[in-house]
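Here are the chains, one letter per residue:
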Amino acid sequence: MENIWLKSDLADEIMKNNDIFDQTKSIVTDILSGRLEVTTLLENMAGVLTNKEVDNREKGMRFFTKTLSEIPKDFLTEMQIKFISKFYTDRLKDHHKVIPTVLEGYLYIVDMTHYNVHFSGEYFTILFREVACQSQVRQDRYNIYLTILKLLERDTEYMKTLGPDFIYGVISSMDGERDPRNLLFLFNFLPKFLEKIPLGHLVEEMFEVISCYYPIDFHPSPNDPAPVSRDDLAAALCPCLCAIPEFAEHCLVLLIEKLDSSLRVAKIDSLILLTKSCNTFKAESYAPFLKALWSSLHREITHKSDEVLKLAAHESLSALVAKLSTIANTDQSFENFVKGILISLQTALAESTTVAQFVQGTKILLTVANASKESCEIITKMMIPAILAYYEFKTVSKLQIASLEFLGDMYELAQHWDVLENIEKQVNEIPQVCLTAVSERTKEYQVVGFRTLIRVKNALNSDLVVPFIEILTYNIQHSEDDELLGISVETVHAIARKYPELVMEFVVKGKCDVQNLIQDKTALQKRLNLLSSLASIDDFTKIIIEEMLKVIVSSNEEASKVIKALSSSLSNTSLYSNDKVAQIESDHGLIDSVLTWLDNEILTAKEPLEHGYSLISNTISSLPIEKQLNILSKHTTNLLNKCSVNEIHFQILECLYRSIRQNVYNEHFEKIFSLALKLAINSDNDIVRLKSCYLIGHFLNKAENGQKFELMYELLKNYLASCNRDDLNICPRLIFLYGWITKALVMRGSDLFQFWLNKILISISNPECSQQGSDAIKIVMADFPDCLNSKHHCRTSLLFKQRMFQSFTKISGNVVLSPEAKEAFLLSWAYILDKIPKSVLNNEVNKIVPLAIDGLEYDNKDLILVMIDILIHFVQAKNMSIAQSLQTILPRIVNLTTYVKSMDVRIKSLQCLYEIANSYDTRLLLPYKQDILIDLAPSLDDKKRLVRNMAVKARTRWFLVGAPGENKET
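Residues numbered from 1 in each chain as written. Predicted model: local features only at pLDDT ≥ 70, side-chain atom pairs only at ≥ 80, totals over all residues. Heavy atoms only, no water.

### Observations regarding the overall build of the chain
Within the chain, the secondary structure is distributed over 49 helices and zero strands. For the chain, restricting intrachain contacts to residue pairs at least 6 apart in sequence, the fraction spanning at least 24 positions comes to 73%. Within the structure as shown, the chain displays about 44,000 Å² of accessible surface, and the carbon and sulfur contribution to it stands at 50%. (Helix = DSSP H or I, 4+ residues; strand = E, 2+ residues; numbered from the N terminus. Contact = heavy atoms within 4.5 Å. Areas by Shrake-Rupley, 256 points an atom, 1.4 Å probe, with all protein chains shown as cover.)

Right under this line is the structure:
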C-alpha cells in the first residue's frame, strides 16, 4: 500500500489525524532514499497549507517544519533550499498564528550547508514589513534575533549590502524588548553587529534604542530557577554603548548625565562604561567633555566612604589619561588635561591638614602618572620638586612622612615608565631629603627615610653614602627596636649593591671589623646579622663567610651567635637564592663546619641548638640531588654509630635528612627509618621524639611510589604492631605519631591516611586519651615552617585539608562520645574548620552548625574563637539553620561578651551579635540590649577600643531598627 505522504491525500490526513506527526521520520527516510522530493511533499500538502481555516494552515506549517528539522543539514541542494526559502518567506504574510512556525522553520533552513545567504534579502524585507517583532512571544522574538546573528556570521559582506532598510528593521525589531534572556542575547550580539555593519545615518536611532536600557534597573523573579541578574545585563550592555567610535558623543553625554545622578548603581555603571569606552572611541572625541569628566571623576574619587565607587573612578581616570596620551604629540588637550589635574591637586595638597587628605590627593596623581609614559613624565617632573619643598615647608611629622612615601612612589613609577633620564635632576634630590629624615632621632622618621632610600637607591650619589652609613651603623649597634634594626640592615644591604667598595671599607672592614669579628662584644649579634645579610652580595661573600666559619670551627663561645645570624639570613629567600646557598656550600664547606660545631656542642650545650639544625636543613634543601647524596654518604655512617651510643645525636641525623629531595635514596634509609620509629615511641627525650616523628613523616611523604614506599610502610606497620599498648607511656606517644603519619600520607595524596585518621578518632572518643587525639588532629591541620612543606621538597597534595574535612565528616558521623570526650571532639573539629575555606562548609551546614553551637559551651578559647567565626560565616549568608537556632545561640554569644580569659573572644562575640543584628529580625535581639552595655571610658588598649566600638555598633543597630512602635530616639 502506497504511503499517504506520497499522495495529495496527505493534506486531509494532516487536518484530520494528529498521529500523522509521528510519521515524519518515515517521510524523511523516503526523502533521503529518493522516493520523495521535498518539493513534491509541499505540493501534496497544498490543501492544508492554503486552507481557509488558519488553524489548519498553522498545523500544516508545523508538520512541514517538523519534517524539515529532521532532514540532515547537508542533504538538500541549493535549488531545493531556495524553493523552501521562498515558500517560508511567502508564509510571513499569513495570519499571526502561523508566524511562530515560519520563524522556527527558517532557522532550520539557514543552518543548512547549501543555504545561500542571498536568499535572506527577500526574507528580511518581508519579515520587517509584515511581522511586528515585539508583538510576538519571547521565543519567537528570540528566533528572529538568532536568525540575524546566524546570517551575519555566515556572510557579513552580503549583509552589509542590505543597506539602511535592513538596519532599520533590526532596530525596530528590538525596540521595546523587555525579556531579560532576550536582552542578554541582544547585548552579547549587538557589538558584533555594530562592528561589522556600518550604520550610516542611523547611528543616533541605534544608540537611542540601546541606551534606553541604561542604567539597568532590573530585579529577577524569585521563582526563576536560573535567573538573569542585573549585573549580567549591565556587564553585557556596557560594550554595546561604546561598540563603535560613532557612538562617542552620544555615549559621553549619557554617562556624564548618569555620573551626576544620585543613584549609586548608575554612577558605577557609568564609570565602568567610561573605562570601557577608551578601548573604542577616538582620543579626540573626549576633548569637548574633559572638563565635565574631570569634575565628575574628582567628585567620585574623593567620596568619603564608598571604596567601590572610588576604585571605579580611579580606573576610569587611568583609562582616560592613557587614551588621551596617544595624541600627546599632536593635540594639546592631553597636556592641558593633565596639567589641569596637577594644578587643582597641588592646591589641595598644600592645604591638606591631615594625612588622609594628603594621601587622597597623591593617589589621584599616582593614578594619572601610572596611566602612561607621557603623563608620568609630566607629573613626576613637576611634583617631585614640589613635594621636596613641601617636606621643608610642613612641620607636621605625619605629613612629612607621607610626603616621603609619595616621593618613593613617584620614583618607582618613573622607573617603570623609563623616564628617569628625563627627570634626573629632580630625582637626584630625593636621597638628600631621606638623609634629612633619618637624621631625626625618632623611629618614624628613620624608618620611612630608610625605606624611601631603598626605593630610590639608584639615585644615591657617593657623597651621601658615608653620612647614611654612620647613622645606619649607629642604629645597628645601639637600637633595641626590631623594626628599626631590620630596616637598617636592609638599607646597608641596598647601599652595598651600588657601592660595594665604600661599604666594604666603612662597614665590613671598618665599623664591623670583620677580621677581628668577635673581639668587640658590643652589639655583636646585631653586627653579625648585618654581615650575614651582606654576605649574599658576591663582592662580600668570600671575606665574610670565611671569617664567620673560622669562629664556628674554633668552637668559640660566640660561635652560636654566628650560627644564629647565618641561619636567619640564609633562610631569607629574598637575600639568598638556592644557587647562592649552594655556591657557599661548595666554596666554603658550610655544612661540614656546622656539623663539627654541633657535634662538639650537643652533649654539653646549655641552650637549644635549633639554629644550627635549621642552618644544616636549609642549606641541604638548596643543594641539587648529587650534592645531597655526597653529603649524606660522607656523614651518615658516623652519625648512626654515634646514635647507637647516645640518642641525642639523632637530632643531627634528622636535620641532615629532613630536606632531601624526593628522588634521594641510599642504603641507610631503612635503618634510619627503623631507628626513628624506635625513638618516636621509646625515647624519654621530648625533642628526640619530636624529631623522630618529623623524619618519619618526611620519609613517608617523599618515598617514591612503588617498592620503596611499600617497604617503608611495611616497616611502619610491623613495628607499631609489636608495641606494647598496655604501657601507659606508650599510648600518648603512639597517638602523637599517628598525627604525623596521617599528615604525611594525606599530603602525598595517599588514601592510606584514612586508616590512621580512624585510629585518631578512636582515641578522641576515649576519655583517657581524647586530649592527645585532638592534638593529633591539630598536627595534621597545622602548617609547620620546619617540616612537611614545599621548602623541604615534600609532596603537597592539592586541597589536602579539604580532604581531611570530608573524611572526618564521614567517619565521625556515628561516633559515640562520653561527656568527658565531647570537648576534645569539638576541639578536633575546630582545628579542621579553622584551616579550610568557608565555602567548603556550605554543603554541610546541618552538620556544622550544631557543632559550632555546642562549642560555645566550653571554657576553651581556641574552640570558642573558631566556632564563633563559623557562626559569623553562616549568619552573613543568612542561613536558615542559624535563624532556627537563634534562641539557643543568642544567650551563649551574649554570655561570651564578658568572657574574662580572652579579649579576642569578647571581640568575636560582639562581632557575631552585630552580624546577627544585620541579618535577622532584630526583634529577637531586643531582650539582650542591656546585656552588652559595657564601660565606654577611654582606654589606651587598642583591643579594648575595638570591643567598645563593636559593642556600640551592635547596640546602635538594635536600637535604630528596634521593634515596631518602639521609640527609636531613646
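And the narrative resumes.
### A word on helix α43 (residues 800-811)
Because each turn of an α-helix spans 3.6 residues, side chains separated by three or four positions in sequence point in the same direction. The terminal C-alpha atoms of α43 lie 16 Å apart, and with 12 residues this matches the ideal 16 Å at 1.5 Å per residue to within 8%. For α43, the set of buried residues is F800, K801, Q802, M804, F805, S807, F808 and T809. Of the surrounding elements, those touching the buried residues of α43 are α40 (730-747), α41 (753-764), α42 (770-781), α44 (819-833) and α45 (845-855). (Expected span 1.5 Å × (residues − 1). Buried < 20%, exposed > 50% of the residue type's maximum accessible area, 1.4 Å probe, protein only.)

### Details of the packing of aromatic side chains
What the rule picks out here adds up to 35 aromatic pairs. Measuring from ring centre to ring centre gives 6.2 Å for F128 and F166, while their planes differ by 45 degrees; the resulting arrangement is tilted. With F128 in helix α8 (residues 120-130) and F166 in helix α11 (residues 163-174), the pair connects residues that are 38 residues apart, well separated along the chain. Of the residues examined, F128 reaches a relative accessible area of 22% and is grouped as partly exposed. The exposure class of F166 is buried, given its relative accessible area of 4%. On the numbers, 5.7 Å between centres and 55 degrees between planes, the contact of F189 with F193 is tilted. With F189 and F193 both in helix α12 (residues 180-196) and four residues apart, the pair spans about one turn of that helix. Its relative accessible area of 3% is what places F189 among the buried residues. Among the aromatic residues, those joined into a cluster by ring pairs are Y106, Y115, F119, Y123, F124, F128, Y142, F166, F185, F189 and F193. The lysine or arginine in question, K708, covers the ring of Y665, its NZ or CZ lying 4.6 Å from the ring centre. (Phe/Tyr/Trp six-rings, centres within 6.5 Å; stacked < 30°, edge-to-face > 60°. Lys NZ or Arg CZ within 6 Å of the ring centre and 35° of its normal.)

### A short note on the packing of helix α21 (residues 373-393) against helix α24 (residues 430-438)
Running from N to C, α21 and α24 cross one another at 20 degrees; their axes reach a closest spacing of 11 Å. Relative to α24, the element α21 is oriented roughly parallel. Relative to α24, α21 is oriented so that their crossing is left-handed. Residues I384, L388, Y391 and E392 of α21 touch α24, and the partners they reach there are I430, V433, T436 and A437. (Axes fitted to C-alpha atoms, helices over the stretch in contact; angles between N-to-C directions. Parallel < 35°, antiparallel > 145°, perpendicular 65-115°, else oblique. Left-handed = near helix turned anticlockwise from the far one by under 90°.)

### Structural notes on unusual backbone geometry
Across residues other than glycine, the phi torsion is negative in most instances, and most of the peptide bonds are trans. The linkage connecting Y214 with the following residue, P215, adopts the cis geometry, with an omega of -10 degrees. With respect to the secondary-structure elements, P215 resides in the loop between α13 (203-211) and α14 (230-241). One non-glycine residue with positive phi stands out, namely H793, at about 65 degrees. By secondary structure assignment, the location of H793 is in the loop between α42 and α43. Residue classification places H793 among the buried positions, given a relative accessible area of 16%. The backbone of K878 sits at a positive phi, close to 55 degrees, despite the residue not being glycine.

### As for the side chain of H698
By the element assignment, H698 lies in helix α38 (residues 686-702). Within the local environment of H698, its side chain forms a polar contact with the backbone oxygen of R658, the two atoms lying 2.8 Å apart. The contacts of H698, once residues within four sequence positions are left out, are R658, C787, L788, H792 and C794. (Polar contact = N/O pair within 3.5 Å; in protein donor to acceptor, adjacent residues only side chain to side chain.)

### Notes on the state of the cysteines
Per the stated rule, a full pass over the model turns up zero disulfides. C376 provides the cysteine sulfur closest to C434, a residue in no disulfide bond, and the two sulfurs are 18 Å apart. Residue class for C434 comes out buried when judged on its relative accessible area of 0%. Free of any disulfide, C794 has its nearest cysteine sulfur in C787, 7.5 Å distant. (Disulfide = S-S within 2.5 Å.)

### Remarks on the packing of α40 against α41
The interhelical angle for the contact between α40 and α41, taken along N-to-C directions, is 150 degrees, at an axis separation of 8 Å. As judged from the angle between their axes, α40 and α41 are roughly antiparallel. Seen from above, α40 lies across α41 with left-handed handedness. Listed contacts from α41 to I735, Y738, G739, I741, T742, L745 and V746 of α40 are F753, W756, L757, K759, I760 and S763. When the residues that make up the contact of α40 with α41 are grouped by side-chain class, the tally is nine nonpolar, three polar and one charged. (Nonpolar A, V, L, I, M, F, W, Y, C, P; charged D, E, K, R; others polar.)

### Notes on the environment of I916
Within the fold, I916 resides in helix α48 (residues 903-919). Note: C-alpha distance between I916 and K878 (38 residues apart in sequence) is 8.7 Å.

### What to know about the pattern of salt bridges
As enumerated under the stated definition, the model contains 49 salt bridges in all. Among the ionic pairs, K901 bridges to D859, the shortest N-O distance being 2.5 Å. You can see K901 sitting in the loop between α47 (880-896) and α48 and its partner D859 sitting in the loop between α45 and α46 (861-876), a full 42 residues away along the chain. Sharing partners across several salt bridges, the network here consists of D260, K267, R299 and E300. (Salt bridge = Lys/Arg side-chain N within 4 Å of Asp/Glu carboxyl O.)

### Regarding helix α32 (residues 578-588)
All of the buried residues along α32 are K580, V581, A582, I584, E585 and H588. Contact partners of the buried residues in α32: α30 (538-553), α31 (559-570), α33 (590-601), α34 (610-622) and α35 (625-645). Where α32 ends, the next residue or the one after it, G589, has phi of about 60 degrees, a positive value.

### A few points about the side chain of T809
Among the structural elements, T809 can be located in helix α43. Residue T809 is classed as buried on the basis of its relative accessible area of 12%. Each residue touching T809, except ones within four places of it in the same chain, is listed here: W829, E844 and K847.

### What about a negative patch on the surface?
A cluster of acidic residues, E204, E205, E208 and E249, forms a negative patch at the surface. Of the residues forming the negative patch, the biggest block, three residues, is contributed by α13. Take E249: it is sitting in helix α15 (residues 248-259). (Patch = residues over 30% accessible without salt bridge, like charges linked within 9 Å, V, L, I, M, F, W, Y side chains within 5 Å. Lys, Arg positive; Asp, Glu negative; His and termini not counted. Charge placed at Lys NZ, Arg CZ, Asp CG, Glu CD.)

### Remarks on the environment of Q332
Summarising the element assignment, Q332 is placed in the loop between α18 (307-324) and α19 (333-351). With 390 residues separating them in the primary sequence, Q332 and S722 have C-alpha atoms 88 Å apart.

### Concerning the environment of E670
The topology assignment puts E670 in helix α37 (residues 669-682). Using a relative accessible area of 22% as the deciding quantity, one classes E670 as partly exposed. C-alpha of E670 to C-alpha of I71: the two residues are 599 residues apart in sequence and 71 Å apart in space. Apart from residues lying up to four places away in sequence, E670 is in contact with Y665, L711 and L715.

### Digging into the confidence of the model for the chain
Here the chain averages 90 in pLDDT, while 93% of its residues score no lower than 70. Ignoring residues within four places in sequence, the model shows residues 932-943, a span with pLDDT below 50, making 25 contacts including any to other chains. Throughout residues 954-970 the model reports pLDDT below 50, and contacts reaching past four residues in sequence, or to other chains, amount to 32 contacts. (pLDDT = per-residue confidence, 0-100.)

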